[in-house]
Amino acid sequence: DSGVTQTPKHLITATGQRVTLRCSPRSGDLSVYWYQQSLDQGLQFLIQYYNGEERAKGNILERFSAQQFPDLHSELNLSSLELGDSALYFCASSVGGTGYNEQFFGPGTRLTVL
Amino acid sequence: DAKTTQPNSMESNEEEPVHLPCNHSTISGTDYIHWYRQLPSQGPEYVIHGLTSNVNNRMASLAIAEDRKSSTLILHRATLRDAAVYYCILRTNYGGSQGNLIFGKGTKLSVKP
């Protein structure tokens, strides 16, 4: 158990819909990362927050957005869903926000868009 | 982040040592070598990291070539639970560096009983 929790575990929805994925980081970790894992693209970084502020952006679509709240939990919002958005979404957390800190990953949310 | 090259797959027998190679010929002086692994149906997990010297922890050992252009992750006695995809990732640690991991395709390790 990494200490990072993600809800829900599974999500099935239809094209065009909007969903919210939630992540609670490990106690004491200030940084939260979101990654997407699909069969054809592998694991890809989406976005990073550090202590409530956006720190870095990766290959995140404009239809996707995220935020980190004062209690440090984070939400990833996916809108106007397409079939290609079906993937595993992982949240990770770390103490700091730079390229040294070990990241702890949650169990992921499996999103299926029908 | 600099690029790494790993074999697509490797096989090992249970209770034997496993050496997982990684080439990183364009590594810079500020790049740390990190290894993560992803067990089936789980999120990635940290394994080990190093800069120049060989490193040991409870999970594995990391051997780094003198010129730092390659490294090897060593599992001393593979168990069935070690079957996973292993990712070798270079990470730069300086004030302006980003913290995100850049995953390649990794090496899929199969362990035979």
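As a reminder, the structure under discussion sits directly above these lines.
Residues numbered from 1 in each chain as written. Chains lettered and ligands numbered in written order. Predicted model: local features only at pLDDT ≥ 70, side-chain atom pairs only at ≥ 80, totals over all residues. Heavy atoms only, no water.

S.K.: Any details on the sheet that holds strand S9 (residues 107-112) of chain B? Residues and values, ideally.
M.R.: Residues and elements named next belong to chain B. Pairing is mixed in the open sheet, where 5 strands are placed in the order S1-S9-S8-S3-S4. In the strand order of this sheet, the two ends are held by strand S1 (9-13) and strand S4 (45-50), each with one partner. Pairs of neighbouring strands in the sheet enclose a mean axial angle of 25 degrees, with direction left out of account. (Pairing = 2+ DSSP bridges. Helix = DSSP H or I, 4+ residues; strand = E, 2+ residues; numbered from the N terminus. Axes fitted to C-alpha atoms, helices over the stretch in contact; angles between N-to-C directions.)

S.K.: Please give an account of unusual backbone geometry that cites residues and values.
M.R.: Most of the time, phi is negative for any residue but glycine, and the peptide bond is trans. All names here are of chain A. Each neighbour pair has its own omega, and for Thr-7 with Pro-8 the value is -10 degrees, a cis peptide bond. With respect to the helices, strands and loops of the structure, Pro-8 is situated in the loop between strand S1 (5-7) and strand S2 (10-13). One non-glycine residue, Asn-51, lies in the positive phi region at around 50 degrees. Here Asn-51 is to be found in the loop between strand S5 (42-50) and strand S6 (53-57).

S.K.: Can you lay out the sheet that holds strand S8 (residues 74-78) of chain A for me, pointing to particular residues and giving the numbers?
M.R.: Residues and elements named next belong to chain A. Taken in spatial order, the 4 strands make up an open sheet running S1-S3-S8-S7, and their pairing is antiparallel. At either end of the open sheet lies a strand with only one pairing partner, and these are S1 and strand S7 (64-68). Between one strand axis and the next, the sheet turns through 15 degrees on average, direction left out of account. Strand direction decides the pairing type here: S1 and strand S3 (residues 19-24), joined by 3 bridges, are antiparallel.

S.K.: Could you give me a rundown of the state of the cysteines, with the residues and numbers involved?
M.R.: Residues and elements named next belong to chain A. This structure, assessed with the given rule, holds 2 disulfides over all chains. Paired by a disulfide, Cys-23 and Cys-91 hold their sulfur atoms 1.7 Å apart. Across the disulfide from Cys-23 to Cys-91, rotation about the S-S bond amounts to roughly -50 degrees, and the bridge is consequently left-handed. Placement of Cys-23 in strand S3 and of Cys-91 in strand S9 (residues 87-94) is noted, with a sequence separation of 68 residues between them. Neither residue differs from the other here; Cys-23 and Cys-91 are each classed as buried. (Disulfide = S-S within 2.5 Å. Buried < 20%, exposed > 50% of the residue type's maximum accessible area, 1.4 Å probe, protein only.)

S.K.: Help me get a handle on the environment of Tyr-86 of chain B, residues and values and all.
M.R.: Residues and elements named next belong to chain B. Relative to the helices and strands, Tyr-86 is located in strand S8 (residues 84-92). For Tyr-86, a relative accessible area of 0% gives the class buried. Through-space distance from the C-alpha of Tyr-86 to that of Leu-20 is 8.2 Å; in sequence the pair is 66 residues apart.

S.K.: Got a sec to walk through the pairing of S6 of chain A? Specific residues and values, please.
M.R.: All names here are of chain A. Examined bridge by bridge, S5 and S6 share 4 bridges and lie antiparallel to one another. Pairing of Ile-47 across the sheet is with Lys-57, part of S6. The turn joining S5 and S6, which pair antiparallel and follow one another in sequence, is formed by 2 residues; a positive phi near 50 degrees is taken by Asn-51.

S.K.: Give me the packing of aromatic side chains: which residues, what numbers.
M.R.: All chains considered together, the criterion is met by 9 aromatic pairs over all chains. Judged by centre distance (5.3 Å) and plane angle (40 degrees), the rings of Tyr-35 of chain A and Phe-105 of chain A are tilted. Taken as a pair, Tyr-35 of chain A in strand S4 (residues 31-38) and Phe-105 of chain A in strand S10 (residues 104-105) lie far apart in primary sequence, 70 residues in all. As far as burial versus exposure is concerned, Tyr-35 of chain A and Phe-105 of chain A are alike and both buried. Site record: aromatic cluster; members linked through ring pairs are Tyr-33, Tyr-35, Phe-45 and Phe-105 of chain A together with Tyr-36, Tyr-46, Tyr-87 and Phe-103 of chain B. (Phe/Tyr/Trp six-rings, centres within 6.5 Å; stacked < 30°, edge-to-face > 60°.)

S.K.: Give a description of the pairing of S7 of chain A that names residues and reports values.
M.R.: As a general feature of sheets, a regular strand has side chains that alternate between the two faces. Residue and element names in this part refer to chain A. The alternating pattern of S7 places Phe-64, Ala-66 and Gln-68 on a buried face and Ser-65 and Gln-67 on a face that is not buried. In the sheet, S7 pairs with S8 via 5 bridges, with the strands oriented antiparallel. Across the sheet, Gln-68 pairs through a bridge with Ser-74, a residue of S8. From the end of S7 to the start of S8, which pair antiparallel, there are 5 residues, and Leu-72 there has a positive phi angle of about 80 degrees.

S.K.: Requested: an account of the interface of chain B and chain A, with residues and values cited.
M.R.: At the interface, 20 residues of chain B touch 17 residues of chain A. For the pair chain B and chain A, the summed buried area comes to about 1600 Å², and 54% of that belongs to carbon and sulfur atoms. For chain B, the biggest contributors to the area lost against chain A are Pro-44, Asn-100 and Phe-103 of chain B; these three give 25% of the whole. At the boundary of chain B and chain A, one finds 0 salt bridges. The tally of links from chain B across to chain A stands at 4 residue pairs in polar contact (both at pLDDT 80 or more). Elements that contribute at least two residues to the side of chain B that touches chain A include exactly strand S3 (31-38), S4 and S8 of chain B. Looking at which element gives the most residues to the side of chain B that touches chain A, the answer is S3 of chain B, with 4 residues. When grouped by side-chain class, the residues that make up the side of chain B that touches chain A number 7 nonpolar, 12 polar and 1 charged. (Contact = heavy atoms within 4.5 Å. Buried area = accessible area lost by both parts, 1.4 Å probe. Salt bridge = Lys/Arg side-chain N within 4 Å of Asp/Glu carboxyl O. Polar contact = N/O pair within 3.5 Å; in protein donor to acceptor, adjacent residues only side chain to side chain. Nonpolar A, V, L, I, M, F, W, Y, C, P; charged D, E, K, R; others polar.)

Distances and angles like these do not, on their own, reveal function.
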